[in-house]
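Spelled out from the first residue to the last, the chains are:
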Amino acid sequence: MARLDPEARVAIRTLVSRGTSNSVIARLLDVTEGAVRYHVARMRSGRIDGRSAKIPKASCVAAAIDLWRESEGGGPINLAALHDWLVREHGYRGSLRSVQRFWTKRYPAPAIRARRRVETPPGAQAQVDWAHFNTTMVGGVARDLVAFKMVLSHSRREAIIWSESKAMLAWLGCHTAAFRRLGGVPATVRIDNEKTGIVKGAGSWGVIHPSYRRYATTLCFHVDACPPRQPQCKGKVERRVRDQRSALDPRSRTWSDLEELQRWTDAQLVERSARLICPASGRTVAETFAAEREKLTPLPETLPEPFDIVVLRTVGLDALVAFEGRQYSVPFRHVGERVEIRGCAGTVQILKDCRIVATHPRGTLERLVIQPGHYEGPNTTRVIAPPPLGRMGAKMMELATASVAYRSIDIYAALAEVAR
């Protein structure tokens, strides 16, 4: 005889009241006819299951269980740990199952919080996340790759950028590459609490990484951090991460280089967008994306180069700013002004009013990096130009910037000729 759950017994009562035969009910519930006859007989006699009136065995330690529950502060309860404690401290001889039955009967399950399903308007939000793919064969070598995924919340159009790192330079570089593929920037970008995005705290009270904040300001989008331990709050990109492991897993073949893998991924995403349906519009993802693209913020003519450090410095009287233990020259007209310094992959960029005013190589052996042209030019209303170089100084600068072969000439003879 099959054991029927409460819903099945209610179904039996309803069908019997409508005159349905026991054999038909048995076929509908996929049980034996004897099981149906048994429950119909119990319902007609009004008998009550005697097990429901039995006193739970764990009732003898009810006070100890209440004390344990209060000590947990209302958080999740490990009933296996509770059972071990009862056996050890109170000599309880019942099974773990008896404790579970007592707990279920004494403390009903808490109320379920419903989730709010939100569909954002076109251009309002993109969600990003990382997906890990270990031992991917690239160039004949097994590499651990990460896929940066950006999904537009409205159209579900996505961009995937492959990388071997999750550092700040890779984080911003993947953002830039994804924005290029989407053809614009959404109003907000919802991120997980990665250290490259949130340096302290989490969610709405987290502190955004200074470099990422500056990058977002430059491209005009708002950083929206996901609440901690709630992946459903960025469910659209979480769903795409799961789908990629079955539909776009790069470990199914070998690749000559990352560029080949990236080209294949881009082509696959275009093909999928023309085939998949967007639930928000009922049209294909490609058609919905074509309409949403008009709502995205246009990309600037020159996208910012990825940077992992950003600081503000005041330009000194000698038109120099300090950064990473070195001093870099700036056009003299910015003396006394606050400028922004970005540490990029191989360069140091110095910006004023979001415009690059100087670029220098990064991490050089020299501790003083100067471009002579930064000290040339006419006066401004605020700054007087430095005194011009004399004949001797001009010749020294010419020799300093000449080729190695030219510098092999007797430098002393050249300067003596200028002195005469």
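Preceding this paragraph is the structure being described.
The rules we used
- Residues numbered from 1 in each chain as written.
- Predicted model: local features only at pLDDT ≥ 70, side-chain atom pairs only at ≥ 80, totals over all residues.
- Heavy atoms only, no water.
- Pairing = 2+ DSSP bridges.
- Helix = DSSP H or I, 4+ residues; strand = E, 2+ residues; numbered from the N terminus.
- Axes fitted to C-alpha atoms, helices over the stretch in contact; angles between N-to-C directions.
- 1 Å grid on protein atoms, 1.4 Å probe; cavity = no way out; pocket = protein on both sides within 12 Å on 5 of 7 lines; lining within 4 Å.
- Points joined across faces, edges and corners; volume = space filled by probe spheres on them.
- Nonpolar A, V, L, I, M, F, W, Y, C, P; charged D, E, K, R; others polar.
- Expected span 1.5 Å × (residues − 1).
- Buried < 20%, exposed > 50% of the residue type's maximum accessible area, 1.4 Å probe, protein only.
- Parallel < 35°, antiparallel > 145°, perpendicular 65-115°, else oblique.
- Left-handed = near helix turned anticlockwise from the far one by under 90°.
- Contact = heavy atoms within 4.5 Å.
- Core = buried A, V, L, I, M, F, W, Y, C linked by side-chain atoms within 4.5 Å.
- Phe/Tyr/Trp six-rings, centres within 6.5 Å; stacked < 30°, edge-to-face > 60°.
- Lys NZ or Arg CZ within 6 Å of the ring centre and 35° of its normal.
- Salt bridge = Lys/Arg side-chain N within 4 Å of Asp/Glu carboxyl O.

Taken together, three strands build an open sheet; the order of strands is β9-β10-β14 and the sheet is mixed. Of all strands in the sheet, those with a lone pairing partner are β9 (320–323) and β14 (368–369), marking the two edges. Note: strand β10 (residues 326–329) against β14, two bridges, orientation parallel. Bridge assignment links Tyr-328 to a residue of β14, and that residue is Val-369.

So, on to the sheet that holds strand β8 (residues 307–314). Pairing is antiparallel in the open sheet, where four strands are placed in the order β8-β11-β12-β13. Each end of this open sheet is capped by a strand with a single partner; those strands are β8 and β13 (355–361). Recorded for the sheet is a direction-independent mean angle of 25° between the axes of neighbouring strands. Bridge analysis of strand β11 (residues 338–344) against strand β12 (residues 347–352) gives four bridges, and the strand direction is antiparallel. Within β12, the residue paired with Glu-340 across the bridge is Leu-351.

With that settled, the discussion passes to the layout of surface pockets. It is a probe the size of a water molecule, rolled over the atoms, that shows where empty space is left. Here the largest pocket defines a volume of roughly 750 Å³. Arg-117, Gln-232, Lys-234, Gly-235 and Lys-236 are the residues nearest the centre of the largest pocket, which is lined by 29 residues in total. Of all the secondary-structure elements, those providing two or more residues to the lining of the largest pocket are β1 (125–138), α9 (235–247) and α10 (258–275). At five residues, α9 tops the list of elements feeding residues into the lining of the largest pocket. Looking at the lining of the largest pocket, its residues break down into eight nonpolar, seven polar and 14 charged.

We now examine helix α7 (residues 168–182). Here α7 contains 15 residues, and its C-alpha end-to-end distance of 21 Å stays within 8% of the 21 Å for a straight helix at 1.5 Å per residue. Buried residues dominate α7, accounting for 11 of its 15 residues. Every buried residue of α7 is listed here: Met-168, Ala-170, Trp-171, Leu-172, Cys-174, His-175, Thr-176, Ala-177, Ala-178, Phe-179 and Leu-182. Looking one or two places after α7, you find Gly-183, whose phi comes out positive at around 75°.

At a minimum axis separation of 8 Å, helix α2 (residues 22–29) and helix α3 (residues 33–45) run at an interaxial angle of 115°. Classified by the angle their axes make, α2 and α3 are roughly perpendicular. For the pair α2 and α3, the crossing hand works out as right-handed. Contacts between α2 and α3 involve Asn-22, Ser-23, Ile-25 and Ala-26 on the former and, on the latter, Glu-33, Val-36, Arg-37 and Val-40. Residue classes in the contact of α2 with α3 are distributed as four nonpolar, two polar and two charged.

Moving on: the pairing of strand β7 (residues 222–225). Of the two faces of β7, the one lined by Val-223 and Ala-225 is fully buried and the one lined by His-222 and Asp-224 carries no buried residue. Here strand β4 (residues 188–191) pairs with β7 via four bridges, running parallel. In the strand pairing of β7, Arg-190 is matched with Asp-224.

This brings us to the nonpolar core. Ranked by size, the top nonpolar core spans 35 residues in total, and within it Phe-148, Trp-171, Tyr-212 and Phe-221 carry the most contacts. Elements with a minimum of two residues in this core: β1, β2 (141–152), β3 (158–163), α7, β4, α8 (210–219), β7 and β8. Here this core gets eight residues from one element, more than from any other, and that element is α7. Those residues within four positions of Trp-171 in sequence are excluded, and the remaining contacts are Val-128, Trp-130, Phe-148, Ile-191, Thr-196, Gly-197 and Tyr-212.

A few words now on the packing of aromatic side chains. Per the counting criterion, the structure on display carries 11 aromatic pairs. Taking 5.2 Å as the distance between ring centres and 40° as the angle between the ring planes, the aromatic pair formed by Trp-68 and Trp-85 counts as tilted. Placement of the pair is Trp-68 in helix α4 (residues 62–71) and Trp-85 in helix α5 (residues 79–90), with a sequence separation of 17 residues. For the pair shown, Trp-68 and Trp-85 are each scored as buried. Counting every residue linked through ring pairs, the aromatic cluster contains Trp-130, Phe-148, Trp-171, Phe-179, Tyr-212, Tyr-215 and Phe-221. Over the ring of Phe-289 we find Arg-157, and its NZ or CZ is 5.4 Å from the ring centre. In this arrangement the basic side chain of Arg-245 is found over the ring face of Phe-133, its NZ or CZ atom lying 5.0 Å from the centre.

What follows is about the pattern of salt bridges. With the rule as written, the count across this model stands at 22 salt bridges. The salt bridge involving Asp-224 is made with Arg-190; its shortest N-O contact spans 2.9 Å. One end of the pair, Asp-224, is in strand β7; the other, Arg-190, is in strand β4, with 34 residues separating them in the sequence. What makes Arg-190 buried here is its relative accessible area of 15%. A salt bridge links Lys-234 to Glu-238, with the shortest nitrogen-to-oxygen separation between them at 2.3 Å. Judged by its relative accessible area of 26%, Glu-238 is partly exposed. Each of the salt bridges in this network shares a partner with another, and the network as a whole consists of Asp-129, Asp-192, Lys-234 and Glu-238.

This brings us to empty space enclosed by the protein. Applying the stated criterion across every chain yields a total of one cavity of 30 Å³ or more. Within this model, the largest cavity holds a volume of roughly 30 Å³. Around the largest cavity, the lining residues are Lys-149, Glu-158, Arg-240, Asp-243, Gln-244, Ala-247, Leu-248 and Arg-272. The element best represented in the lining of the largest cavity is α9, accounting for four residues. In terms of residue class, the lining of the largest cavity is made up of two nonpolar, one polar and five charged.

In short, shape yes, function no, at least from these values alone.
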